[in-house]
Amino acid sequence: PAVASDGTKWFAVQQAIGPVSIQKVGVRYADDKLWALINATISAGGLEIGLLGLGAGSPLDSFEPTFTVSGITVALQEGELGFSGALVGSIDPVDLYAKISLELGPVALGALAGYATYEGEPSFFLYAVLDAPLGGPAFFFVTGVAAGFGVNRQLLVPDVSGVASFPLVQWAVGIDAPSSSPSGDIGAQVAATMQTLSQSGVIAPKVGEYLFA
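Every chain's residues receive numbers from 1 upward, in the order its sequence appears when written. Local features in this predicted model are restricted to residues of pLDDT 70 or higher, and side-chain atom pairs are both shown and tallied only at a pLDDT of 80 or more, whereas totals for entire chains, interfaces and linings draw on every residue. Side-chain calculation: all heavy atoms of the structure are included, whereas hydrogens and water are not.

Engineer: In this structure, what is going on with the nonpolar core? I would like to understand it.
Structural biologist: Considering soluble globular proteins, one finds that nonpolar side chains tend to be buried as a cluster. Formed by 13 residues in total, the largest nonpolar core has its most connected members in Phe 125, Tyr 127, Leu 168, Trp 171, Val 202 and Ile 203. Of all the secondary-structure elements, those providing two or more residues to this core are β11 (121–135), α1 (167–172) and β13 (203–212). Put simply, DSSP marks the helices as runs of H or I at least four residues long and the strands as runs of E at least two long, and each gets a number from the N terminus on. If you tally residues by element for this core, the top one is β11, at 3 residues. In contact with Leu 168, other than residues within four places in its own chain, are Tyr 127, Leu 155, Val 202 and Ile 203. Residue types Ala, Val, Leu, Ile, Met, Phe, Trp, Tyr and Cys, when buried and joined through side-chain atoms within 4.5 Å, form a set referred to as a nonpolar core. For every residue, the accessible area obtained with a 1.4 Å probe (protein chains only) is divided by the maximum for its type, and the residue is called buried under 20%, exposed over 50%, and partly exposed between those limits. We call two residues in contact whenever any of their non-hydrogen atoms come within 4.5 Å of each other.

Dropping the structure here:
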């Protein structure tokens with residue numbers, strides 16, 4: 001068993017029933033409700049769909065079930081084509097993050113986006129990295145490009161000493177980038193990315209701030 005930051009006690013299962021694979025089940029007591037949760041994936045050919053934190057909860061003194069899911073993941077691998085994506089977060093309050101990765105031969109595209117309601121206003125950002133030989137003369141051969149924008153988002157720009165370790169710069173040069181390989185646990189990748197953003201406050205919600213990168 002492992003205890004998550006939200007108090008959920010998880011138990012590893014790692015069992016498959018036909019196309020359905022159950023990674024772990026969890027139990028949590030919060031907000032006067034007892035929750036039963038599950039992480040599972042459904043596979044069909046090269047397509048895999050995962051459900052993170054899918055479950056139901058009810059008060060102990062009455063049966064009033066409510067349902068929840070903390071994330072959805074999709075992965076597809078067909079020859080040179082690889083795609084993965086994940087949507088995680090909460091609906092109430094709205095605080096959602098998405099990450100996608102697409103690979104086709106030598107071309108890789110990754111994107112990270114977030115949407116939240118902050119002080120009654122919508123807050124959104126999108127950042128994308130294209131890793132592909134775009135060409136050009138020998139002295140200016142372009143191997144990739146990164147771009148992004150944000151509405152009601154504050155960009156905390158580092159000083160010169162912090163540029164190399166700045167998350168957006170690291171992603172642009174391929175270090176833990178949104179364009180990382182679709183293989184692996186995409187849900188865990190999104191969680192790790194969100195932890196980096198929250199700890200550094202790189203793209204923090206702030207009404208009246210806009211950014212372009």
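Engineer: For this particular structure, what's the right way to read a negative patch on the surface?
Structural biologist: Taken together, the side chains of Asp 31, Asp 32, Asp 61 and Glu 64 make up a negatively charged region of the molecular surface. With respect to the helices, strands and loops of the structure, Glu 64 is situated in the loop between β5 (47–59) and β6 (66–68). By definition, no residue in a patch forms a salt bridge, and every one has over 30% relative accessible area; like charges are joined within 9 Å, nonpolar side chains (Val, Leu, Ile, Met, Phe, Trp, Tyr) within 5 Å. Methods summary: accessible areas were calculated by the Shrake-Rupley approach with a probe of 1.4 Å, and residue burial reflects only the protein chains presented. Here a salt bridge means any side-chain nitrogen of Lys or Arg lying within 4 Å of a carboxyl oxygen belonging to Asp or Glu. The charge count includes Lys and Arg as positive and Asp and Glu as negative, but it does not include His or the ends of the chains. Where a charge lies is defined by one atom per residue type: Lys uses NZ, Arg uses CZ, Asp uses CG and Glu uses CD.

Engineer: Help me understand the pairing of strand β2 (residues 9–17), please; the structure alone is not making it clear to me.
Structural biologist: Every regular strand shows the same layout, with side chains that alternate between the two sheet faces. Across 7 bridges, β2 lies against strand β3 (residues 20–30) in antiparallel orientation. Across the sheet, Ala 12 pairs through a bridge with Lys 24, a residue of β3. Note on pairing: two strands pair once DSSP finds at least 2 bridges between them. Linkage of β2 to β3, two consecutive antiparallel strands, is achieved through a turn of 2 residues, within which Gly 18 is found at a positive phi near 65°.

Engineer: What am I meant to see in a nonpolar patch on the surface here?
Structural biologist: Taken together, the side chains of Phe 11, Val 25, Val 27, Tyr 29, Leu 34 and Leu 60 present a nonpolar region at the surface, about 550 Å² in accessible area. Here the nonpolar patch gets 3 residues from one element, more than from any other, and that element is β3. Tracing the backbone through its elements, the reader meets Tyr 29 in strand β3.

Engineer: In this structure, what is going on with the side chain of Thr 41? I would like to understand it.
Structural biologist: Tracing the backbone shows Thr 41 in strand β4 (residues 33–44). Thr 41 sits in the buried class, given a relative accessible area of 12%. In protein, a polar contact means a hydrogen-donor-capable atom and an acceptor-capable atom, both N or O and within 3.5 Å, with residues adjacent in sequence counting only if both atoms are side-chain atoms; elsewhere, any N or O pair within 3.5 Å suffices. A distance of 3.3 Å separates polar atoms of two side chains, one belonging to Thr 41 and the other to Gln 23.

Engineer: Is there a simple way to think about the environment of Ala 36 in this case?
Structural biologist: Tracing the backbone shows Ala 36 in strand β4. It is 5.9 Å that separates the C-alpha atoms of Ala 36 and Gly 26, two residues lying 10 residues apart in sequence. Those residues in contact with Ala 36, other than ones at most four positions away along the chain, are Gly 26, Leu 54, Gly 55 and Ala 56.

Engineer: Would you mind going over the side chain of Ser 123 with me for this structure?
Structural biologist: Tracing the sequence through the fold places Ser 123 in strand β11. A polar atom in the side chain of Ser 123 sits 2.7 Å from the side chain of Arg 153. The residues contacting Ser 123, other than those within four sequence positions of it, are Gly 114, Tyr 115, Ala 116, Tyr 118, Val 151, Asn 152, Arg 153 and Pro 205.

Engineer: Would you mind going over the environment of Ala 40 with me for this structure?
Structural biologist: If you trace the backbone, Ala 40 turns up in strand β4. Residues Ala 40 and Gln 23, spaced 17 residues apart in sequence, show a C-alpha to C-alpha distance of 5.7 Å. Other than its neighbours up to four places away in sequence, Ala 40 contacts Ser 21, Ile 22, Gln 23, Ile 49, Gly 50 and Leu 51.

Engineer: Just to check I follow, could you spell out the packing of aromatic side chains for this structure?
Structural biologist: A ring pair, where both rings are aromatic, is described by two values, the distance of the centres and the angle of the planes. Pairing of aromatic side chains requires ring centres within 6.5 Å, counting the rings of Phe and Tyr and the six-membered ring of Trp. Pairs whose planes differ by under 30 degrees are stacked, by over 60 edge-to-face, and all others tilted. Within the structure shown, the criterion is met by 3 aromatic pairs. Note on Tyr 97 and Phe 125: the rings are 6.3 Å apart at their centroids and 50° apart in plane angle, and the pair reads as tilted. Taken as a pair, Tyr 97 in strand β9 (residues 95–104) and Phe 125 in strand β11 lie far apart in primary sequence, 28 residues in all. Look at Tyr 97 and you get buried, because its relative accessible area is 17%. Between the aromatic rings of Tyr 127 and Trp 171, the centroid separation amounts to 6.1 Å while the plane-to-plane angle is 45°, which identifies the pairing as tilted. Within this pair, whereas Tyr 127 is found in strand β11, its partner Trp 171 is found in helix α1, the two being separated by 44 residues in sequence. In terms of burial, Tyr 127 and Trp 171 fall into one category: buried. Placement of a charge over a ring requires the Lys NZ or Arg CZ to be within 6 Å of the ring centre, with the centre-to-atom vector within 35 degrees of the ring normal. If you follow Lys 24 out to its NZ or CZ, it ends over the ring of Trp 10, 4.7 Å from the centre.

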